[in-house]
Amino acid sequence: MSRRTPSRVVLASLLVMGCSSTPDTDDSAATTSSTTDTETTDTETTDTETTDTDTDTTPATQCAGGPLADPIPGCAPPVLPSTGDFAQDCVDRINQFRWECQCLPPLARWTSAESCTDQQSADDQADNMAHNNFGACGENAQNTCPNWGSEAQIIEGCLQMMWDEGPGEPFIEHGHYINMSSTSYSQVACGRSSNGGVWSNQNFRP
């Protein structure tokens, strides 16, 4: 699920939520990313001459002009090797999507909020309600991976599903991506709780 602090102009009672559930969970609040088939164009070659076009698609080349207006379609970078620290792996994965998929600057790891985000994740898991304790750690926006099978599945699967939502409206269907890609935030804290499943809140702030 995703949530962000609404504008002060909006009624304070406005809540905008969504969640990224495990693929085998039937959750009406979960958003499912639809994928479209990308047309493949075959380059015609003649017997007399074959032209090979080398296209450098490394992030350094793609990002030479700065952040992209929209994410690269179908961007699914391979998961980085684990550091053995879930919070670091989570921040690294979010920043991997930001840089490799849209040329966005990295978020700093908000270490001072991690213990709070761990407890917040545990409280939400105990309540079985995403965002039930939103704001407890001073965050401005929050994404949640509720009751996934393992920490590795959250890093590889849940965060990918969130990014795959892409830009658009309404917020409830695109909020995870919007929070992950926002240039309004500069820090993120990843928390987790393991009680049957693994629950992870990711808290964002300017």
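Just so it is clear, the model here is predicted, and its values are computed rather than measured. (Residues numbered from 1 in each chain as written. Predicted model: local features only at pLDDT ≥ 70, side-chain atom pairs only at ≥ 80, totals over all residues. Heavy atoms only, no water.)

**Considerations on the state of the cysteines**
One covalent bond between the sulfur atoms of two cysteine residues makes up a disulfide.
(1) Moving on: Taken as a whole and assessed by the stated rule, the structure comprises five disulfides.
(2) Moving on: Each sulfur in the disulfide pair Cys75 and Cys101 lies 2.0 Å from the other. Taking the torsion about the S-S bond as the criterion, the Cys75 to Cys101 disulfide, at about -75 degrees, is left-handed. A residue pair is termed long-range when its members are at least 10 positions apart, and Cys75 in the loop between α1 (59-62) and α2 (86-102) and Cys101 in helix α2 qualify at 26 residues.
(3) Moving on: Judged by relative accessible area, Cys101 falls into the buried class, the value being 0%.
(4) Moving on: For the protein, numbering the cysteines in disulfides from first to last along the sequence yields the connectivity 1-5, 2-4, 3-10, 6-7, 8-9. (Disulfide = S-S within 2.5 Å. Helix = DSSP H or I, 4+ residues; strand = E, 2+ residues; numbered from the N terminus. Buried < 20%, exposed > 50% of the residue type's maximum accessible area, 1.4 Å probe, protein only.)

**Details of the packing of helix α4 (residues 151-164) against helix α5 (residues 171-181)**
(1) Moving on: For the pair α4 and α5, the least separation of the axes is 6 Å and the interaxial angle reads 95 degrees. Viewed along their axes, α4 and α5 adopt a mutual orientation that is roughly perpendicular. Where α4 approaches α5, its residues Leu159, Met162 and Trp163 are matched on the opposing element by His176, Tyr177, Met180 and Ser181.
(2) Moving on: Grouping the amino acids of the contact of α4 with α5 by side-chain chemistry returns five nonpolar, two polar and no charged. (Axes fitted to C-alpha atoms, helices over the stretch in contact; angles between N-to-C directions. Parallel < 35°, antiparallel > 145°, perpendicular 65-115°, else oblique. Contact = heavy atoms within 4.5 Å. Nonpolar A, V, L, I, M, F, W, Y, C, P; charged D, E, K, R; others polar.)

**As for the environment of Cys145**
(1) Moving on: Within the secondary structure layout, Cys145 lies in strand β3 (residues 141-148).
(2) Moving on: It is 8.4 Å that separates the C-alpha atoms of Cys145 and Gln202, two residues lying 57 residues apart in sequence.

**Some details on the nonpolar core**
(1) Moving on: By size, the foremost hydrophobic cluster in this structure holds 25 residues, and its most contacted members are Ile94 and Phe204.
(2) Moving on: Mapped by element, the contributors of at least two residues to this core are α2, β3, α4, α5, β4 (187-190) and β6 (197-205).
(3) Moving on: In this structure Ile94 touches Leu107, Leu159, Met180, Val188, Cys190, Gln202 and Phe204, once residues within four positions along its chain are discounted. (Core = buried A, V, L, I, M, F, W, Y, C linked by side-chain atoms within 4.5 Å.)

**A short note on the confidence of the model for the protein**
(1) Moving on: Taken over all residues, the pLDDT of the protein has a mean of 81, while the share at 70 or more is 73%.
(2) Moving on: Contacts for the low-pLDDT stretch residues 6-18, under 50 throughout, to residues beyond four places or in other chains number 19 contacts. (pLDDT = per-residue confidence, 0-100.)

**Thoughts on the pattern of salt bridges**
(1) Moving on: Under the counting rule described, the total for this entry stands at three salt bridges.
(2) Moving on: In this structure, Asp85 engages Arg109 in a salt bridge whose closest nitrogen and oxygen atoms are separated by 3.1 Å. Taken together, the residues Asp85 in the loop between α1 and α2 and Arg109 in strand β2 (residues 108-109) connect sequence positions 24 residues apart.
(3) Moving on: Linking Glu114 and Arg109 is a salt bridge whose minimum nitrogen-to-oxygen distance equals 2.5 Å.
(4) Moving on: Looking at Glu114, the relative accessible area reads 12%, which means it is buried.
(5) Moving on: Under the relative-accessibility criterion, Arg109 is labelled partly exposed at 25%.
(6) Moving on: Among the charged side chains, a network of salt bridges with common partners joins Asp85, Arg109 and Glu114. (Salt bridge = Lys/Arg side-chain N within 4 Å of Asp/Glu carboxyl O.)

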